[in-house]
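Coordinate analysis (summary)
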Amino acid sequence: MTITAGAFAFIADLVKQMTAINLGPGKEYLVENRLASLARDAGFRDVAALIGRVQLSGDDRLRRQIVEALTTNETSFFRDRDPFNALRQVIIPDLCRKRVATHRITIWSAGCSSGQEPYSIAMTVVDHPLINSEWTVEILATDISQEMLEKAKSARYSQLEVNRGLPAPLLVRHFERCETDWRVVPAVRNLVRFQQLNLAEDFELPWIDVVFLRNVLIYFDTTTKIEVLRRVRRVLRPDGYLFLGGSETTLGLDDEFERVMLGSATVYRPRGAGVPEIPTEGAAPIAGPAARPGLGSRPSSLAGSPLPGSPPGSSLAGSINPPGRR
Ligand SMILES: C[S@@+](CC[C@H](N)C(=O)[O-])C[C@H]1O[C@@H](n2cnc3c(N)ncnc32)[C@H](O)[C@@H]1O
């Protein structure tokens with residue numbers, strides 16, 4: 001069975017209106033595959049019958065379920081590793097210097113899916129030797145999908161999910177057994193605040209120091225990418241940092257961002273923010289022993305090692321681009 005061009009156009013319009021996700025031509029197979037189980041579970045003969053019902057009745061619940069089924073939620077712990085290495089080795093030390101008056105850092109995972117990204121950020125923060133009990137680190141995690149937010153809030157992951165990207169020492173330290181699954185421990189879980197937010201609509205947020213907006217822009221058309229980047233820039237502090245996915249860029253979309261390399265990580269900063277000071281070995285205790293009252297201490301076996309998964313010699317000192325390189 002193949003859905004008609006009219007049914008596909010209806011679904012593509014619905015998804016575009018509700019999420020800004022662009023289901024270009026040729027995605028009929030995706031609509032059919034993703035909606036097949038929803039159609040079956042909701043008692044429809046096939047996908048065409050499901051779409052027909054929504055066209056006729058405007059059933060809001062079914063609409064939302066269709067849109068949920070058509071968002072791509074692929075994610076994993078410490079996905080792509082480099083951004084988390086840069087966060088630990090350069091950005092947190094930089095922000096600890098610059099925010100010393102307030103002792104407050106805010107990090108936003110925009111399009112957080114089932115939570116692996118914000119919990120990876122939270123583990124990086126909790127394990128960071130510069131972050132002690134004087135610091136307030138807020139991690140805001142948002143997504144358009146209520147279903148993903150529910151899963152993320154539960155902080156519960158299968159063995160298969162933790163096998164994807166999560167180093168064993170971090171599993172042992174930051175997770176507890178929950179029947180056959182694993183659950184993030186409260187000390188990490190409680191750093192993250194979840195909220196539903198549609199990036200394609202105007203939103204208000206507090207000032208943000210670091211934004212992770214990774215693997216979300218790829219689903220939008222150019223106009224929406226431009227609008228989303230503009231909205232993000234409005235809440236990002238002038239000396240803040242923006243991470244995008246590996247196949248995403250601000251180039252050609254928003255000239256107010258400039259690209260900076262931190263080791264092998266690409267980060268975007270508001271124009272004029274320049275390149276952060278890079279801690280040299282021994283100058284900042286990023287690899288030193290943990291001294292973090294209130295946050296527990298880091299096992300000595302990990303002290304001094306790069307974030308698990310860092311390539312050998314991934315120290316960032318001296319390996320960044322000169323200011324202004326784009
Ligand atoms: C592929 S996942 C990326 C997850 C994570 N950032 C990562 O890189 O692993 C994309 C996420 O963006 C969310 N998303 C799609 N459109 C959105 C929108 N308009 N506003 C907010 N989130 C959206 C989806 O629900 C999905 O969870």
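Now for a quick tour of the structure.

Rules of the game
- Residues numbered from 1 in each chain as written.
- Predicted model: local features only at pLDDT ≥ 70, side-chain atom pairs only at ≥ 80, totals over all residues.
- Buried ≥ 20, exposed ≤ 12 C-beta atoms within 10 Å, placed from the backbone.
- Helix = DSSP H or I, 4+ residues; strand = E, 2+ residues; numbered from the N terminus.
- Contact = placed C-beta atoms within 7 Å.
- Axes fitted to C-alpha atoms, helices over the stretch in contact; angles between N-to-C directions.
- Parallel < 35°, antiparallel > 145°, perpendicular 65-115°, else oblique.
- Left-handed = near helix turned anticlockwise from the far one by under 90°.
- Nonpolar A, V, L, I, M, F, W, Y, C, P; charged D, E, K, R; others polar.

**Quick look at helix α6 (residues 116–126)**
A large share of α6 lies buried, amounting to 11 of its 11 residues. For α6, every residue scored as buried is listed here: Gln 116, Glu 117, Pro 118, Tyr 119, Ser 120, Ile 121, Ala 122, Met 123, Thr 124, Val 125 and Val 126.

**So, the environment of Ile 3**
Relative to the assigned elements, Ile 3 resides in the segment before α1 (5–19). In this structure the C-alpha to C-alpha distance between Ile 3 and Ile 51, which are 48 residues apart in sequence, comes to 9.0 Å. Here Ile 3 is in contact with Phe 8, Glu 28, Val 31, Glu 32, Val 47, Ala 48 and Ile 51, once residues within four sequence places are set aside.

**Structural notes on the environment of Leu 199**
Position of Leu 199 among the secondary structure elements: in the loop between β6 (192–196) and β7 (208–213). C-alpha of Leu 199 to C-alpha of Val 232: the two residues are 33 residues apart in sequence and 8.6 Å apart in space. Residue contacts for Leu 199: discarding those within four places in its chain leaves Ala 110, Gly 111, Val 216, Val 228 and Arg 231.

**Observations regarding the packing of α1 against helix α3 (residues 47–57)**
For the pair α1 and α3, the least separation of the axes is 10 Å and the interaxial angle reads 60°. In terms of axis orientation, α1 runs oblique to α3. When the axes of α1 and α3 are compared, the crossing they make is left-handed. Here Ala 7, Phe 10 and Ile 11 of α1 lie close against α3, whose contacting residues are Ala 48, Ile 51 and Gln 55. By residue class, the composition of the contact of α1 with α3 is 5 nonpolar, 1 polar and no charged.

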